[in-house]
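# Commentary on secondary and tertiary structure
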Amino acid sequence: MSSQREQDAARVREALRRELKVHVRIRDQGNSPSPADLDKIADALPDLVAFGTNQFHGVRAVLDWDHQIPSQYALLRILACYGAEDLEQVDAVLTDRDEEIDEVNLYPEFDVPDYGDVDGSESYVALLRPGSLEIEDFRFMSNWRKQVRPAVADLAVETVKSTPSYVKAAEARSGDGLGGPVVIGWAPPCLANTRTWAVEIWLLTEFDGHQGKARVFMVDLDERAVTREFDTDVQLA
């Protein structure tokens with residue numbers, strides 16, 4: 001791993017170990033992680049590296065609640081910022097949200113806000129169960145991931161269409177009218193099993209008008225290869 005990549009990954013783990021913000025409803029249930037727990041979670045966290053030539057200037061980590069008591073899971077939000085201005089904006093929004101929560105946090109049966117709409121330059125979410133240090137799911141959530149230039153998208157589609165596994169998935173689909181490959185957006189190296197950012201492509205394999213399944217392909221543009229593929233559920237919003 002290059003020096004910049006190491007620094008990015010280290011900043012994320014340091015924020016988790018030293019500066020984790022824990023939602024009050026997580027704390028009140030006695031589910032705040034201990035320093036030893038944070039070390040284990042930080043070690044289990046994948047290496048996060050900034051997109052392109054960017055670098056993480058600062059990182060904020062938040063352990064958010066699921067609006068259930070007792071909580072069934074907790075959401076570890078990683079908010080990575082490219083510059084000082086972005087970090088200041090995240091801090092300001094977090095402070096405002098803390099005040100909103102404090103104002104309405106009167107009784108356990110009262111719902112309170114979470115930190116779900118606080119966005120860094122890059123935003124990630126890890127799913128954990130109370131009492132467990134295992135990361136069950138990990139996702140990249142930034143809206144800008146969809147901003148893939150047409151030439152880059154075309155190259156990714158061309159690459160995925162040439163792979164035998166794509167051809168097999170397309171031929172095995174449940175019916176006609178499911179369309180071709182869809183470029184979902186950028187995927188970080190830790191989710192694509194690549195050294196650089198990849199492009200995520202979905203191929204709908206079945207759909208009844210409300211829900212179905214898709215085959216997901218992670219495309220490494222440098223290597224012109226699919227580095228990871230799996231099935232996922234699809235549901236009409």
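The structure contained in this document is the topic of the report that follows. Here the structure is a predicted model, which is why all the values come from computation and not from measurement.

Moving on: unusual backbone geometry. Cis rather than trans, the peptide bond between Ile 69 and Pro 70 has omega equal to 0 degrees. Although it is not a glycine, Asn 193 sits at a positive phi angle of roughly 60 degrees. Within the secondary structure layout, Asn 193 lies in the loop between α7 (189–192) and β7 (198–207).

Here we take up the packing of aromatic side chains. With the rule as written, the count across this model stands at 10 aromatic pairs. Pairing Tyr 124 with Phe 140 gives two aromatic rings, centres 5.2 Å apart and planes at 40 degrees, and the pair type is tilted. Here Tyr 124, found in strand β4 (residues 122–128), pairs with Phe 140, found in strand β5 (residues 135–140); they are 16 residues apart in sequence, far enough to count as distant. Aromatic ring contacts, followed pair by pair, group Phe 51, Tyr 124, Phe 138, Phe 140, Trp 144, Trp 186 and Trp 197 into a single cluster.

Here the focus is the sheet that holds β7. Spatially, the 4 strands line up as an open sheet ordered β6-β7-β8-β9, and their pairing is antiparallel. Two strands in the sheet have a free side with no partner beyond their single neighbour: β6 (182–187) and β9 (225–235). Strand-to-strand twist in this sheet, taken as the mean axis angle between neighbours without regard to direction, amounts to 25 degrees. The pairing of strand β8 (residues 211–220) with β9 spans 10 bridges and is classified as antiparallel. When the bridges of β9 are listed, Asp 220 appears paired with Ala 225. Against the sheet, helix α5 (residues 150–161) touches β6, β7, β8 and β9, its axis set at about 55 degrees to β7.

The rules behind these values
- Residues numbered from 1 in each chain as written.
- Predicted model: local features only at pLDDT ≥ 70, side-chain atom pairs only at ≥ 80, totals over all residues.
- Heavy atoms only, no water.
- Helix = DSSP H or I, 4+ residues; strand = E, 2+ residues; numbered from the N terminus.
- Phe/Tyr/Trp six-rings, centres within 6.5 Å; stacked < 30°, edge-to-face > 60°.
- Pairing = 2+ DSSP bridges.
- Axes fitted to C-alpha atoms, helices over the stretch in contact; angles between N-to-C directions.
- Contact = heavy atoms within 4.5 Å.

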